[in-house]
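Structure at a glance
Spelled out, the chains give:
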Amino acid sequence: MKSFIKALLVVASFQVGLALAEPLNISAVLTPKEQIKLDFQDGSGHFVLMIKREGVTTGSGALAGAAVTEFGRHDITPNVSGDPSGYLVLTKGEGNTAYLKWTVRAIFLPTKDGKSQIHDNGFWEVVSGTGSFKGLKGAGTLHIKPAATPTDRTFLLEGEVT
């Protein structure tokens with residue numbers, strides 16, 4: 001019995017140092033602030049867009065209510081596919097910044113009316129953080145959807161952070 005209690009105390013002492021994963025479910029409508037665009041002049045419609053967008057997250061989890069800035073690179077061939085990627089910088093209060101890296105695959109699928117609709121699906125991961133986000137770890141899924149204006153985008157992030 002004595003050895004069982006010792007083993008239990010050892011396990012309990014290790015558990016104190018472990019952080020439990022917390023669900024994250026946030027969205028943000030991001031509006032363009034700066035952009036540089038390369039249009040391929042070959043008739044394909046292919047373009048590469050470097051863009052900075054800004055917004056505020058809503059939802060639940062440690063990053064809800066944060067100001068967010070996208071630094072994105074969107075390599076797209078309309079009606080075919082694309083490979084957007086970039087970073088999201090989320091700030092919540094002075095000195096509390098989380099840096100997330102993201103990657104999506106853009107696929108265009110036909111709609112019932114014969115048009116083409118983009119589907120941007122991928123993943124995100126925490127790269128680093130400062131202040132209250134120092135040591136933050138996490139990952140999850142990312143979906144990018146059109147928003148109310150032709151240039152705004154809604155970023156939907158789900159996953160877990162510790």
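Let me begin by describing the structure that accompanies this report. This one's a predicted model, so the numbers in the text were calculated from it and none came from an experiment. (Residues numbered from 1 in each chain as written. Predicted model: local features only at pLDDT ≥ 70, side-chain atom pairs only at ≥ 80, totals over all residues. Heavy atoms only, no water.)

1. Remarks on the overall build of the chain
The number of helices and strands found in the chain is one helix and 10 strands. Counted from the first residue to the last, the chain has its helices and strands arranged as α-β-β-β-β-β-β-β-β-β-β. In the chain, which comprises 162 residues, the proportion classed as buried is 31%. Taking as baseline every contact in the chain between residues at least 6 positions apart, the subset at least 24 positions apart corresponds to 48%. Accessible surface computed for the chain: about 9800 Å², of which carbon and sulfur atoms make up 60%. (Helix = DSSP H or I, 4+ residues; strand = E, 2+ residues; numbered from the N terminus. Buried < 20%, exposed > 50% of the residue type's maximum accessible area, 1.4 Å probe, protein only. Contact = heavy atoms within 4.5 Å. Areas by Shrake-Rupley, 256 points an atom, 1.4 Å probe, with all protein chains shown as cover.)

2. Topic: the pairing of strand β7 (residues 97–110)
In this structure, strand β5 (residues 81–82) lies alongside β7, joined through two bridges in antiparallel fashion. Each bridged residue has a counterpart across the sheet, and for S81 the counterpart in β7 is I107. Summarising the sheet, strand β6 (residues 85–91) and β7 pair through seven bridges and their orientation is antiparallel. Note that in β7 the partner of T91 across the bridge is T97. Counting the residues between successive antiparallel strands, the hairpin from β6 to β7 contains five residues, one of them, G93, with a positive phi of roughly 85°. (Pairing = 2+ DSSP bridges.)

3. Observations concerning the pattern of salt bridges
By the definition in use, this model includes six salt bridges. As a salt-bridge pair, D75 and R73 come within 3.4 Å of each other at their nearest N and O atoms. Sharing partners across several salt bridges, the network here consists of E34, K52 and E54. (Salt bridge = Lys/Arg side-chain N within 4 Å of Asp/Glu carboxyl O.)

4. Structural notes on the nonpolar core
By size, the foremost hydrophobic cluster in this structure holds 23 residues, and its most contacted members are L63, L88, L90, L100 and W124. Listing elements by their share of this core, those giving two or more residues are β1 (22–39), β6, β7, β8 (116–129), β9 (138–146) and β10 (153–161). What L100 contacts, discounting residues up to four positions off in sequence, is L63, G86, Y87, L88, L90, W124, E125, V126, V127 and L157. In this structure, F47, L49, A106 and F108 belong to the second largest nonpolar core, which totals six residues. (Core = buried A, V, L, I, M, F, W, Y, C linked by side-chain atoms within 4.5 Å.)

5. Concerning the environment of P78
Tracing the backbone through its elements, the reader meets P78 in the loop between β4 (67–77) and β5. The spatial distance from the C-alpha of P78 to the C-alpha of I107 is 9.2 Å, given a sequence separation of 29 residues.

6. Comments concerning the packing of aromatic side chains
Each aromatic ring pair is described using two quantities: the centre-to-centre distance and the angle formed by the ring planes. Tallied over the entire structure, the rule returns one aromatic pair. An angle of 85° between the planes, with centres 5.7 Å apart, marks the rings of W102 and F155 as edge-to-face. Here W102, found in strand β7, pairs with F155, found in strand β10; they are 53 residues apart in sequence, far enough to count as distant. The class for W102 is buried, based on a relative accessible area of 1%. Judged by its relative accessible area of 1%, F155 falls in the buried class. (Phe/Tyr/Trp six-rings, centres within 6.5 Å; stacked < 30°, edge-to-face > 60°.)

7. A word on the side chain of T57
Structurally, T57 is set in the loop between β2 (47–56) and β3 (58–60). Side-chain polar atoms of T57 contact the backbone nitrogen of G65, separated by 2.9 Å. Residues in contact with T57, not counting those within four places in the same chain, are I26, S27, A28, L63, A64, G65, A66, V68 and L90. (Polar contact = N/O pair within 3.5 Å; in protein donor to acceptor, adjacent residues only side chain to side chain.)

8. What to know about the side chain of D120
Within the element layout of this structure, D120 appears in strand β8. One buried charge, D120, has no salt-bridge partner; the nearest side chain with opposite charge is R153, at 5.7 Å. (Lys, Arg positive; Asp, Glu negative; His and termini not counted.)

9. Quick word on a nonpolar patch on the surface
There is a patch of nonpolar side chains on the surface, built from F71, Y87, Y99 and V127 and spanning about 370 Å² of accessible area. Within the element layout of this structure, V127 appears in strand β8. (Patch = residues over 30% accessible without salt bridge, like charges linked within 9 Å, V, L, I, M, F, W, Y side chains within 5 Å.)

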